[in-house]
Amino acid sequence: MRKILWIVLFAIYCMLALPLKSYTQPLVVMAVIPFGFIGAVIGHWIMGVTMTILSILGLMALTGVVINDSLVLVDFINQRYRSGRENLYSAVMRAGVVRFRPVMLTSLTTFIGLTPLLLDPSSSARFLVPMAISLGFGILFATLITLILVPTNIMIGDDIRRFFERRREEVRLAVTSSG
């Protein structure tokens, strides 16, 4: 599964890079994945359930939901910024406000939908509980992080881009003035 995980993550990166038309924005979207895993581990600890192979499968499902939440924010920012209607800071701020409710509703309804399975005491559902814990608690934790981390990473990425553009311009001016 470890070998396949890296292949899957690379495939996800490639699938995100095409519509986003960027090599860095898929990294911004995927940066939230580890926080979903942290939420899943915390969920297992809170519920007192050991992680099983089904927990790992829940983590795989969680990856898709977390990426979707991040993608909703990044796509909204890109639409506003690339259309020229807003500067990047304004687009990021508006995305946080406008997309907050859809992101939260998606995550909360998923968690609430999993709650009956999480609390089911029957032995027939017991084997599915680790998967539901991974998915449910991972979503709760990652959603809160997504709403902070994605806009922050976009602004950090823009700062880095502008830094290198300034350096490139300084080098160009130094070369043209000396030659």
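A. The arrangement of the pattern of salt bridges in detail. Across all of its chains, the model carries eight salt bridges by this definition. In this structure, Arg162 and Asp158 form a salt bridge, with 3.1 Å as the shortest nitrogen-oxygen distance. With Arg162 and Asp158 both in helix 7 (residues 129-178) and four residues apart, this pair spans about one turn of that helix. Each member of the salt-bridge network shares a partner with another, and the members are Asp158, Asp159, Arg161, Arg162 and Glu165.

B. Geometry of unusual backbone geometry. At Lys21, a position not held by glycine, the phi torsion is positive, near 55°. Mapped onto the fold, Lys21 is located in the loop between helix 1 (2-20) and helix 2 (25-30).

C. Structural context of the side chain of Ser107. With respect to the element layout, Ser107 can be found in helix 6 (residues 100-119). There is a polar contact of 2.9 Å between the side chain of Ser107 and the side chain of Asp69. Sequence-distant contacts of Ser107, defined by excluding residues within four places in its chain, comprise Asp69, Ile139 and Thr143.

D. Broad picture of the nonpolar core. Ranked by internal contacts, the top residues of the largest apolar core, which has 40 residues, are Leu16, Met30, Val74, Ile77, Val150 and Ile154. Sorting the residues of this core by element identifies helix 1, helix 2, helix 3 (33-47), helix 4 (53-82), helix 5 (88-98), helix 6 and helix 7 as the ones contributing at least two each. At 11 residues, the largest contribution of residues to this core is made by helix 7. What Leu16 contacts, discounting residues up to four positions off in sequence, is Pro26, Val29, Met30, Ile67 and Leu71.

E. Just helix 3, in detail. Here helix 3 is 15 residues long and its end C-alpha atoms lie 21 Å apart, about the 21 Å a rise of 1.5 Å per residue gives. Three or more residues of helix 3 are buried, namely Ile33, Gly36, Gly39, Ala40, Gly43 and His44. Looking straight down helix 3, one finds that the buried residues subtend no more than 140° of arc, so they occupy a single side. In helix 3, those exposed residues whose orientation departs by more than 90 degrees from the buried face are Trp45 and Ile46. Of the residues flanking the end of helix 3, it is Gly48, one or two places downstream, whose phi is positive at about 70°.

F. Broad picture of helix 4. With 30 residues, helix 4 should reach 44 Å at 1.5 Å per residue; the first-to-last C-alpha distance of 43 Å fits that figure. Structurally, the start of helix 4 carries an N-cap: the backbone nitrogen of Leu54 is 3.2 Å from a side-chain oxygen of Thr52. Count one or two residues on from helix 4 and you reach Gly84, which has phi positive near 85°.

G. Inspection of a nonpolar patch on the surface at higher detail. Judged by side-chain polarity, Ile38, Ile42, Trp45, Ile46, Met47 and Leu119 come together as a nonpolar surface patch covering roughly 640 Å² of accessible area. For the nonpolar patch, the element with the highest residue contribution is helix 3, accounting for five residues. Here Met47 is to be found in helix 3. On the accessibility criterion, Met47 (31% relative accessible area) is partly exposed.

The rules behind each value
- Residues numbered from 1 in each chain as written.
- Predicted model: local features only at pLDDT ≥ 70, side-chain atom pairs only at ≥ 80, totals over all residues.
- Heavy atoms only, no water.
- Salt bridge = Lys/Arg side-chain N within 4 Å of Asp/Glu carboxyl O.
- Helix = DSSP H or I, 4+ residues; strand = E, 2+ residues; numbered from the N terminus.
- Polar contact = N/O pair within 3.5 Å; in protein donor to acceptor, adjacent residues only side chain to side chain.
- Contact = heavy atoms within 4.5 Å.
- Core = buried A, V, L, I, M, F, W, Y, C linked by side-chain atoms within 4.5 Å.
- Buried < 20%, exposed > 50% of the residue type's maximum accessible area, 1.4 Å probe, protein only.
- Expected span 1.5 Å × (residues − 1).
- Arc of directions from axis to C-beta.
- Patch = residues over 30% accessible without salt bridge, like charges linked within 9 Å, V, L, I, M, F, W, Y side chains within 5 Å.
- Areas by Shrake-Rupley, 256 points an atom, 1.4 Å probe, with all protein chains shown as cover.

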